[in-house]
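# Remarks on the overall topology
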Amino acid sequence: MSAASPAADRSGDAIHLTRIVKRFDGAQALSGASLRVRRGTVHGLVGQNGAGKSTLIKLLAGLHQPDEGRIEIDGQAYDKLTPHRVEELGIHFIHQDRLLVPTFTVGEALFLGREPRIPGTPFLDRRLMQRRASEILDDYFGVRLPNSALISELSTAEKQIVQITRALLDQPKVLVFDEPTAALVRREADILFRLIRRLRDEGVTIIYISHYLNEIEELCDHVTVLRNGEDVATLALSETSAAAIARLMVARDIADMFPKRSVVLGKDILTLDRLSVRGKYQDVSLTLRRGEVLGLTGLLGSGAKELIRTLFGLETATSGQIAIDGRAVRSVNPAQAVDQHLALVPEDRRGNGVALDLSVTENITLSSLKRFTRLGFLYFGGERREADDLIRRLEVKTAGRDALVRTLSGGNQQKVAIAKWLSRHSEVYLLDEPTVGVDIGSKVEIYNLIGDLAARGAGIIVLSSDLPELIGITDRIIVLFRGHVVREFVPSETSPDEVLATSTGSSETLRHVG
Amino acid sequence: MSLQTSPIEASGLPRAIIGAIVNNALVLALIAVFAVFSFATPTFLTIANLQSILVNNFTLLAIVAIAMTFAVSVGGIDLSVGTAVDFASFAFVSLVLAGQPVFIAALAGLGAGAAVGAFNAILISGIGISPFLGTLGTLFIGRSIQQLLTNGGNPVYLPPTGVPEAFRFLGRGAIAGIPVPLVIAAGIIVAATIILTRARFGRVALAIGIQPSVVRYSGITARAHVAVAFILVGLIAAVAGLILSATVTVYIPSSGNAFLLNAIGATFIGTTLSRLGRPNVAGTVLGVLLLSIVANGLLLTGLNFYWQQVGTGLLIFAVLALSFINRRKATA
């Protein structure tokens, strides 16, 4: 069966978004982004975290409404899109974490909301469902999945197949793939690429979002680069390269916002020796010295995040050694890690970093309560002094120490999350995307704070996908790719696009790494 | 944060009044209920009746509800509070009947209640079952055990004569004119307030109830604190069990479950209507007072006894309505 006969006409645009503006709580997510996708092509969409990719896609999916701008689908302008309307228009979204309920069967997931009935009866036509599903599964993927299998029993790749099949049952005009290969092995990705090319040849329009620039290079006809909420370029892949795309993705005009200071490095404070977590990362060895700010970067699936989590006792190493101040340690849970003077400022600030409905004081002293306890009872005076002291030192803007952290801005919440560890007298700071969702002013203050901590002899690891930031504030940068340390950079001798090219596995860089 | 102007926000004075009502909702509700019943029935506002509210309605429920407050403070619930009440009562009465000193029997009763709590702690902190399901299991198991121990649910009576003096004192005695159960309840109220607001344990418990992941990411072993909270629930509920059996000089299997729903109601009324929306002892106690007064008042108005639970239900709806206004105000 042909999934997309109606798209025979290849001239014109399937999707045309013009000068889209979108604000959230005063923060500008999109400031005039345009995207024009020609019918029957594979169109890449790239940009760093925060560039506005996901906002743009959510607008197209009808999950958000634009504040300004124009959305045209198949030459027709739409004022208000709803997810339901978008699906009716033949636009389908494939995302690895979305849409599938684990306790459903394959059949239920495929036909949810549009179950075929036996004509003239209220009963589901299970035979027809099974037949239509196996036709597509067999034709496009060459696999057999019984309709009665549970979603939770499927592998990631199989779940994706179910999602795509669900979309194909509707004979889609446009398929949007959002980071489809993040959890796939190479062989599975190859199958996916073949499928995408075949769908394009059948006339389906594909929007392909990925961090992996080599995939964009391999697969796409055109690519649009987003930066800071705007589209900076739309290029034909025949006329550009992954390296050129990487350069476009990175802004260059904010180099002077990084307060660089030189700290004399002290003794080794943290040493990793061939640390591995099976299936996540392998044989990571590194040494962090007192006063050093070490940058760490890597895409989702590179193992960088898992490495940080292992150090804080949130994951268990399957082999290798961790030593702090020369003593071998084994953190099997965060409590032990904290006792070893480790501190984690997690990426999900509002979920894991601060308790929104506790006060500023209660958050700051949460980890160091023992210091403010006499015979099991809290010593409020000491607690208040500590909170006031840290609020002043970190310039936390709050109505007072008793204000709920919920009422603070993102940047000030982050300062509270860091203040918690200052109060605990931590010595090794693991900062996971420390400035995500933080305004520019607070960013600079947080950079200053990182510098202060280093100057006082702490060791700091910053995991960030904001590459100008890493180059601006760290002493060296380690790049992980698919579970391995692939390269180490000296910030003064590299550029954001070189680091990005390495972390995205863009072909030319990998070649000279060997 | 929201840019829309809510009707409440629109004008200053009504907003101030609504704010005042919402912030003191519990106290105002108490005054209102009190006033209504004082006018509705002549016998409500008498010393004898007010005493009866405190002794018959308030004391035991207050103790059980405070126990429940500790479970709620760590973000859980304990459906087996009544089981702890019953086990304590059974151990206490049985040992007194067997001629053991009252002091020893009371300790055994407290131990029995704490053991129920410890069992819950193992289910919840050790195995990782959700508090709701874990304590529901305990409730069923506890009911069966009581039936097995009493040949299918026969009460264990103490003889009307020959009850030890200390036992009688616990149930019916008075200190400076104040009934002993009320004195004990007051002691528990004070101690629980201090633990929840001034002890490190209380702070961590509330933090677990509010955002458990942050507690974990702060390097605190939340499970240990949850375990202690559930043992405390059993221990405090056991006190109610001792007082109950000393008052009525009998152990009736599974009678403690009668407190369960009211204890949950009082705790959540107190939590919902507190300024920060946190479980707190004062709120729980006011919630118990509110429920006690409504129960007593409705009885005095001569209304059919079976209407009493309608009153309780309406009260909970009223609390929900108030908290809804409260939330609108908070987000405006």
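Residues numbered from 1 in each chain as written. Chains lettered and ligands numbered in written order. Predicted model: local features only at pLDDT ≥ 70, side-chain atom pairs only at ≥ 80, totals over all residues.

### Quick word on the overall build of chain A
For chain A, the helix and strand inventory stands at 18 helices and 22 strands. Here the C-alpha coordinates of chain A stretch approximately 75 × 55 × 50 Å along the principal axes. Across chain A, the fraction of contacts at a sequence separation of at least 24, relative to all contacts at a separation of at least 6, is 70%. (Helix = DSSP H or I, 4+ residues; strand = E, 2+ residues; numbered from the N terminus. Contact = placed C-beta atoms within 7 Å.)

### Remarks on the overall build of chain B
Across its full length, chain B carries 15 helices and 4 strands. Relative to the globule expectation of 20 Å for 332 residues, the C-alpha radius of gyration of chain B, 21 Å, shows essentially globular dimensions. By principal-axis analysis of the C-alpha atoms, chain B measures approximately 70 × 60 × 35 Å. Put simply, chain B has 332 residues, and 46% of those count as buried. Long-range pairs, those at least 24 residues apart, make up 76% of the contacts in chain B between residues at least 6 apart in sequence. (Rg over C-alpha atoms; globule rule 2.2 N^0.38 Å. Buried ≥ 20, exposed ≤ 12 C-beta atoms within 10 Å, placed from the backbone.)

### Here's the deal with the sheet that holds strand S11 (residues 268-277) of chain A
Residues and elements named next belong to chain A. Strand order in the open sheet made by the 4 strands is S12-S11-S14-S15, with antiparallel pairing throughout. Each having just a single partner strand, strand S12 (281-289) and strand S15 (327-329) make up the two edges of the open sheet. Adjacent strand axes in the sheet meet at a mean angle of 20 degrees, parallel and antiparallel pairs treated alike. Bridge count between S11 and strand S14 (residues 319-324): 5 bridges; the pairing is antiparallel. From the neighbouring strand, Asp273 faces S14, where its bridge partner is Gln321. (Pairing = 2+ DSSP bridges. Axes fitted to C-alpha atoms, helices over the stretch in contact; angles between N-to-C directions.)

### Section: the interface of chain A and chain B
With 23 residues of chain A at the contact, the number on the chain B side is 18 residues. No other element matches helix H10 (residues 334-339) of chain A, which puts 4 residues into the side of chain A that touches chain B. Partitioned by chemical class, the residues of the side of chain A that touches chain B number 14 nonpolar, 5 polar and 4 charged. (Nonpolar A, V, L, I, M, F, W, Y, C, P; charged D, E, K, R; others polar.)

### Overview of the domain arrangement of chain A
Residue and element names in this part refer to chain A. Annotation of chain A at the domain level lists domain 1 (12-90 + 173-249), domain 2 (99-171), domain 3 (255-341 + 427-513) and domain 4 (360-424). A straight line from the C-alpha centre of domain 1 to that of domain 3 covers 31 Å. Residue-level contacts link 13 residues of domain 1 with 12 residues of domain 3. Those elements that place two or more of their residues in the side of domain 1 that touches domain 3 are helix H7 (213-219) and helix H8 (242-249). Per element, the largest residue contribution to the side of domain 1 that touches domain 3 is 5 residues, and it comes from H8. Looking at the side of domain 1 that touches domain 3 residue by residue, the class counts come to 8 nonpolar, 4 polar and 1 charged. (Domains from an automatic or database assignment.)

### Some points on the sheet that holds strand S8 (residues 205-209) of chain A
All names here are of chain A. If you trace the 6 strands from one edge of the open sheet to the other, you get S6-S7-S8-S3-S9-S10, paired in mixed fashion. With partners counted over all chains shown, the strands left at the sheet margins are strand S6 (91-95) and strand S10 (230-236), one partner each. The average undirected angle you get between the axes of adjacent strands in this sheet is 20 degrees. In the sheet, strand S7 (residues 174-178) pairs with S8 via 5 bridges, with the strands oriented parallel. If you follow Asp178 over to S8, its bridge partner there is Ile209. Docked against the sheet, H8 engages strand S3 (42-46), strand S9 (222-227) and S10, running at close to 25 degrees with respect to S9.

### What to know about the pairing of strand S4 (residues 68-73) of chain A
Residue and element names in this part refer to chain A. The pairing of strand S1 (residues 13-24) with S4 spans 5 bridges and is antiparallel. Looking at S4, one finds that Ile15 is bridged to Ile73. The turn linking S4 back onto strand S5 (residues 76-78) is made up of 2 residues, and Asp74 within it adopts a positive phi angle of 55 degrees.

### Re the confidence of the model for chain B
Taken residue by residue, chain B gives an average pLDDT of 88. The fraction at 70 or more is 91%. Contacts for the low-pLDDT stretch residues 1-11 of chain B, under 50 throughout, to residues beyond four places or in other chains number 12 contacts. (pLDDT = per-residue confidence, 0-100.)

### Here's the deal with the pairing of S10 of chain A
All names here are of chain A. Bridge count between S9 and S10: 6 bridges; the pairing is antiparallel. Residue pairing in the sheet places His222 in a bridge with Ala236 of S10. Taken together, S9 and the strand that follows it, S10, pair antiparallel across an intervening segment of 2 residues, in which Asn228 is found at a positive phi of about 50 degrees.

### Quick notes on the environment of Ile206 of chain A
Residues and elements named next belong to chain A. Tracing the chain through its elements places Ile206 in strand S8. Put simply, Ile206 and Cys220 are 14 residues apart on the chain and 8.9 Å apart in space, counted from C-alpha to C-alpha. Those residues within four positions of Ile206 in sequence are excluded, and the remaining contacts are Val42, His43, Leu175, Phe177, Ile196, Leu199 and Arg200.

### Brief notes about the environment of Thr197 of chain B
Residue and element names in this part refer to chain B. Relative to the elements of secondary structure, Thr197 occurs in helix H9 (residues 180-198). The partly exposed category is assigned to Thr197, around which 17 C-beta atoms lie within 10 Å. Separated by 23 residues in sequence, Thr197 and Ile220 place their C-alpha atoms 18 Å apart.

### Quick word on the packing of helix H8 (residues 165-172) of chain B against helix H12 (residues 222-248) of chain B
Residues and elements named next belong to chain B. At a closest axis distance of 7 Å, the pairing of H8 and H12 adopts a crossing angle of 105 degrees. By the criterion of interaxial angle, the relationship of H8 to H12 is roughly perpendicular. Between H8 and H12, the residues in contact are Phe167, Leu170, Gly171 and Arg172 and Leu242, Ile243, Ala246 and Thr247, respectively. For the contact of H8 with H12, a count of residues per class yields 5 nonpolar, 2 polar and 1 charged. (Parallel < 35°, antiparallel > 145°, perpendicular 65-115°, else oblique.)

### Quick look at helix H5 (residues 81-97) of chain B
All names here are of chain B. End to end, H5 covers 24 Å across 17 residues, agreeing with the expected 24 Å (1.5 Å per residue, within 8%). Extensive coverage of H5 is indicated by the burial of 15 of its 17 residues. With its phi angle positive at about 90 degrees, Gly99 sits one or two positions after the end of H5. (Expected span 1.5 Å × (residues − 1).)

### Details of helix H9 (residues 304-311) of chain A
The buried fraction of H9 of chain A amounts to 7 of the 8 residues, a majority that puts the element mostly inside the structure. Count one or two residues on from H9 of chain A and you reach Gly313 of chain A, which has phi positive near 80 degrees.

### So, the nonpolar core
Leu430 and Ile460 of chain A together with Val64 and Val233 of chain B are the most contacted members of the largest nonpolar core, which totals 238 residues. Ignoring sequence-local partners within four residues, the contact set of Val64 of chain B consists of Val81, Val85, Ala237, Ala240, Phe259 and Ala263 of chain B. (Core = buried A, V, L, I, M, F, W, Y, C linked by C-beta atoms within 7 Å.)

### So, the packing of helix H6 (residues 102-127) of chain B against H12 of chain B
Residue and element names in this part refer to chain B. Interaxial distance between H6 and H12 falls to 7 Å at its minimum, and their mutual angle equals 150 degrees. Compared by their axis directions, H6 and H12 come out roughly antiparallel. The handedness of the crossing between H6 and H12 comes out as right-handed. (Left-handed = near helix turned anticlockwise from the far one by under 90°.)

### Things to note about the environment of Ala65 of chain B
Along the chain, Ala65 of chain B falls in helix H4 (residues 47-73). Those residues in contact with Ala65 of chain B, other than ones at most four positions away along the chain, are Ala263, Ala266, Thr267, Thr284, Gly287 and Val288 of chain B.

### Side note on the confidence of the model for chain A
Any residue range with low pLDDT should be treated as having predicted coordinates unsuitable for detailed reading. Residue and element names in this part refer to chain A. Confidence in the prediction of chain A, expressed as mean pLDDT, is 86, and 92% of residues score 70 or more. Within the model, the stretch residues 1-8 combines pLDDT values under 50 with 21 contacts to residues more than four positions away or in other chains. A low-confidence stretch, residues 507-514 (pLDDT under 50), is modelled with 8 contacts involving residues beyond four sequence positions or located in other chains.

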